[in-house]
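Residues per chain, in single letters:
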Amino acid sequence: MAAEGVLLFGADGQLGHELQSELSVLGRLIPLTLADVDIADAKDLQAVIRHHAPRYIVNAAAYTAVDKAEQEPDLAQAINATAPGIMAAEAKSLGATMVHYSTDYVFNGQSAQPYKETDATDPLSVYGQSKRDGDIEVMAKAGAFFIFRSSWVVGAHGGNFLKTMLRLAQERDSLSVVADQHGVPTSARWMAQVTREALQHPQHADLSGLYHLSNAGRTTWHGYAQYVLTQAAQMGWQLKVKPEDVKAIGSADYPLPAPRPANSMLNTHLVQQNLGLTIPIWQTGVDEVLAALWATKV
Ligand SMILES: NC(=O)c1ccc[n+]([C@@H]2O[C@H](COP(=O)([O-])OP(=O)(O)OC[C@H]3O[C@@H](n4cnc5c(N)ncnc54)[C@H](OP(=O)(O)O)[C@@H]3O)[C@@H](O)[C@H]2O)c1
């Protein structure tokens, strides 16, 4: 059977939403949400892939509730590891290319350097373990594939840190944000564009592999919050907390059920080299999201 079209899982998530706009140029796009198929149901998942027989399977679906995952390890594993493995095996038997997304949370964050694709994983949380296992499943079972490991994803659609900071700065009189975790906010829209470019690449099957994909630059959650509030105030948002008044705290002052890596920096040399990417600085994506949010606000 000649495979055609793009089967997109997680179509209504932060990244999935951006992928819907980008990937339709590759052929018929079939966007699927949890309401269409629960990917934790292996039989349903297999059936829907076989029914559509796509040329590309793009998996933006994931169990992303990092703290809740500590209480639901089996469900996190089913969604983040078993399901991508099934997609990968089905993609291979169809001759389809698979795209999957992973996370900096596969690392323990103890390195002083940005993490390379070849660095050993050592997840600190159930979420991180399940995503690491998903990477292993896809690498073992797919034919042609891309895994893009990213960090601190931000888009206009769905929930994220940027939106939380904007809301809290309007509601509260003070704000304390962790300043000892380092990473790079990464634009969901840009990730979707890179995904399209990767799949359109004439040698895309030969470029199969695991890639670290984040925007350029670096910051902390505290620096990120200050940047968001500075830009938002300039755009006209009425904020009760000024950027300079955001208090810097340590991770120990803000304990969460799932520990976070102190260093979430990813080395993106490989993706730059193989896909010929010039990587935009993180502030570009954040500015775009703020502009999109402002446009729908007024
Ligand atoms: N967000 C980040 O900061 C970040 C950082 C690094 C890597 N990533 C990775 O990037 C990818 C996309 O993340 P995102 O931020 O776009 O996540 P998201 O906004 O939470 O989207 C995930 C989507 O998956 C869907 N989903 C969850 N369980 C499902 C199931 N059993 N069957 C079918 N669909 C299901 C969700 O549907 P419902 O909303 O209806 O539950 C949601 O639409 C994920 O692989 C994530 O691990 C994210």
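Structure: above.
In this report, the structure presented in the accompanying data block is examined. Remember, predicted model here, so these are calculated numbers, not experimental data. (Residues numbered from 1 in each chain as written. Predicted model: local features only at pLDDT ≥ 70, side-chain atom pairs only at ≥ 80, totals over all residues. Heavy atoms only, no water.)

## Points about the overall build of the protein
Consideration 1: Within the protein, the regular secondary structure consists of 9 helices and 12 strands.
Consideration 2: Scaling as 2.2 N^0.38, a compact globule of 298 residues should have a C-alpha radius of gyration of about 19 Å, and the protein matches this with 19 Å.
Consideration 3: Projected onto its principal axes, the C-alpha coordinates of the protein cover approximately 60 × 40 × 40 Å.
Consideration 4: Out of the 298 residues in the protein, the part that is buried amounts to 52%.
Consideration 5: Sequence-distant contacts in the protein: of pairs separated by 6 or more residues, those separated by 24 or more amount to 81%.
Consideration 6: Put simply, the protein shows about 13000 Å² of open surface, and 49% of that area lies on carbon and sulfur atoms.
Consideration 7: Distance between charge centroids for the protein: 2 Å, based on 22 positive and 30 negative side chains. (Helix = DSSP H or I, 4+ residues; strand = E, 2+ residues; numbered from the N terminus. Rg over C-alpha atoms; globule rule 2.2 N^0.38 Å. Buried < 20%, exposed > 50% of the residue type's maximum accessible area, 1.4 Å probe, protein only. Contact = heavy atoms within 4.5 Å. Areas by Shrake-Rupley, 256 points an atom, 1.4 Å probe, with all protein chains shown as cover. Lys, Arg positive; Asp, Glu negative; His and termini not counted. Charge placed at Lys NZ, Arg CZ, Asp CG, Glu CD.)

## What about the site of the ligand?
Consideration 1: Taken together, 23 residues lie near the ligand, and Leu-15, Asp-38, Thr-64, Tyr-127 and Lys-131 sit nearest.
Consideration 2: Note that an oxygen atom of the ligand is positioned 2.9 Å from one of the backbone N or O atoms of Gln-14.
Consideration 3: In the model, an oxygen atom of the ligand is placed 3.0 Å from a nitrogen or oxygen of the Val-153 main chain.
Consideration 4: Here the ligand has 900 Å² of accessible area as a free molecule, and 78% of this is covered by the chains.
Consideration 5: Put simply, the parts of the chain that give the shell around the ligand at least two residues each are helix 1 (14-23), strand 4 (97-103) and helix 4 (126-141).
Consideration 6: Considering every element that reaches the shell around the ligand, the biggest residue donor is strand 4, with 3 residues.
Consideration 7: Taken together, the residues that form the shell around the ligand break down as 13 nonpolar, 7 polar and 3 charged. (Near = heavy atom within 4 Å. Polar contact = N/O pair within 3.5 Å; in protein donor to acceptor, adjacent residues only side chain to side chain. Nonpolar A, V, L, I, M, F, W, Y, C, P; charged D, E, K, R; others polar.)

## Section: helix 4
Consideration 1: Under the 1.5 Å per step criterion, the end-to-end length of helix 4 is 22 Å for 16 residues, consistent within 8% with the ideal 22 Å.
Consideration 2: When helix 4 is considered as a whole, its buried residues turn out to be Val-126, Tyr-127, Gly-128, Ser-130, Lys-131, Gly-134, Asp-135 and Val-138.
Consideration 3: On the buried face of helix 4, the contacting elements are helix 3 (73-94), strand 4 and strand 5 (145-150). (Expected span 1.5 Å × (residues − 1).)

## Here's the deal with the environment of Gln-193
Consideration 1: Turning to its location among the elements, Gln-193 is positioned in helix 6 (residues 188-200).
Consideration 2: Taking relative accessible area as the criterion, Gln-193 reaches 27% and is therefore assigned partly exposed.

## Notes on the packing of aromatic side chains
Consideration 1: In this structure the tally under the stated criterion is 14 aromatic pairs.
Consideration 2: When the ring of Phe-161 is compared with that of Tyr-224, the centres are 4.9 Å apart and the planes differ by 35°; the resulting orientation is tilted. Here Tyr-224 lies in helix 7 (residues 221-235) and Phe-161 lies in helix 5 (residues 161-171), a separation of 63 residues in the sequence. There is no split in this pair, since Phe-161 and Tyr-224 are both buried.
Consideration 3: Each member of the aromatic cluster is reached from another via a ring pair, and the members are Trp-152, Phe-161, Trp-221, Tyr-224, Tyr-227 and Trp-282. (Phe/Tyr/Trp six-rings, centres within 6.5 Å; stacked < 30°, edge-to-face > 60°.)

## Brief notes about the side chain of Ser-102
Consideration 1: With respect to the helices and strands, the residue Ser-102 is situated in strand 4.
Consideration 2: If sequence neighbours within four positions are ignored, Ser-102 has contacts with Lys-131, Asp-135, Ile-147, Phe-148, Arg-149 and Ser-150.

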